[in-house]
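In case you want the letters, here they are:
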Amino acid sequence: MKTKDEWIKHTQLLAIRVMTLTDRIKYGPGNNEIVRQITRSSNSVGANYRATKRAKSSTDFLNKFRIVEEEADETIYFLEIISQRFSECKNETDELIKEYDELLSVVVSSINTIKKNNQGLK
């Protein structure tokens, strides 16, 4: 099991891998929108995961983790689009999807633990 600091570093590396993947996608209006969206969501995952270290309360911590959950799920969605549209990227997107799914599992587990330990939070 990774520590919080290891997950922070891992989310940075995931965002870099997504950017490296998208650098190879051919320029075009539809492609550019996908690249823009996935770049945003993958970077948001890492930025918000990192921000959990500075949460000011359990509610703030929970909200930041919820953002990580949403952005990771969005990143997976765009990876699936890229995988379908660019078959030459399938192996790389499949690996990234697997890693984002793993991160999602950790985040959802953390959210559930926070909610359990703080019964007043929803």
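Above: the structure in question.
Read on for an overview of the structure. Everything numeric in this text was worked out from a predicted model, so none of it was measured. (Residues numbered from 1 in each chain as written. Predicted model: local features only at pLDDT ≥ 70, side-chain atom pairs only at ≥ 80, totals over all residues. Heavy atoms only, no water.)

1. A look at the overall build of the protein
At step 1: For the protein, the count of helices and strands is four helices and zero strands.
At step 2: Listing each helix as α and each strand as β along the protein from the N terminus yields α-α-α-α.
At step 3: In terms of C-alpha radius of gyration, the protein reaches 15 Å, essentially the compact-globule figure of 14 Å for 122 residues.
At step 4: If one aligns the C-alpha atoms of the protein with their principal axes, the spans along those axes are about 50 × 30 × 20 Å.
At step 5: Counting only residues that meet the buried cut, the protein has 42% of its 122 residues in that class.
At step 6: At a minimum sequence separation of 6, the contacts of the protein that also span at least 24 residues come to 74%.
At step 7: Summing over all exposed atoms, the protein offers an accessible surface of approximately 7200 Å²; the carbon and sulfur share of this is 51%.
At step 8: Measuring between centres, the 20 positive side-chain charges of the protein sit 6 Å from its 18 negative side-chain charges. (Helix = DSSP H or I, 4+ residues; strand = E, 2+ residues; numbered from the N terminus. Rg over C-alpha atoms; globule rule 2.2 N^0.38 Å. Buried < 20%, exposed > 50% of the residue type's maximum accessible area, 1.4 Å probe, protein only. Contact = heavy atoms within 4.5 Å. Areas by Shrake-Rupley, 256 points an atom, 1.4 Å probe, with all protein chains shown as cover. Lys, Arg positive; Asp, Glu negative; His and termini not counted. Charge placed at Lys NZ, Arg CZ, Asp CG, Glu CD.)

2. Quick notes on helix H3 (residues 58-85)
At step 1: Taking 1.5 Å per residue as the helical rise, H3 with its 28 residues ought to reach 40 Å, and the 41 Å between its terminal C-alpha atoms agrees with that figure.
At step 2: Looking at H3, one finds that the buried residues are Leu62, Lys64, Phe65, Val68, Glu71, Ala72, Thr75, Ile76, Phe78, Leu79, Ile82 and Ser83.
At step 3: For H3, the elements touching its buried residues are helix H1 (4-23), helix H2 (29-51) and helix H4 (90-117). (Expected span 1.5 Å × (residues − 1).)

3. Here's the deal with the packing of aromatic side chains
At step 1: Across all of its chains, the model carries three aromatic pairs by this definition.
At step 2: With a centroid separation of 5.4 Å and an interplanar angle of 85°, the aromatic rings of Tyr49 and Phe65 are classed as edge-to-face. Highlighted residues: Tyr49 in helix H2 and Phe65 in helix H3, separated in sequence by 16 residues.
At step 3: Owing to a relative accessible area of 2%, Phe65 belongs among the buried residues under this scheme.
At step 4: For the pair Tyr77 and Phe78, a centre-to-centre distance of 5.1 Å together with 80° between the ring planes defines the contact as edge-to-face.
At step 5: Classification of Phe78 as buried rests on a relative accessible area of 12%.
At step 6: An aromatic cluster is built from Tyr49, Phe61 and Phe65, whose rings are joined through pairwise contacts.
At step 7: Directly above the aromatic system of Trp7 lies the positively charged group of Lys2, at a separation of 4.7 Å from the ring centroid. (Phe/Tyr/Trp six-rings, centres within 6.5 Å; stacked < 30°, edge-to-face > 60°. Lys NZ or Arg CZ within 6 Å of the ring centre and 35° of its normal.)

Bear in mind that shape data such as this cannot, by itself, settle questions of function.
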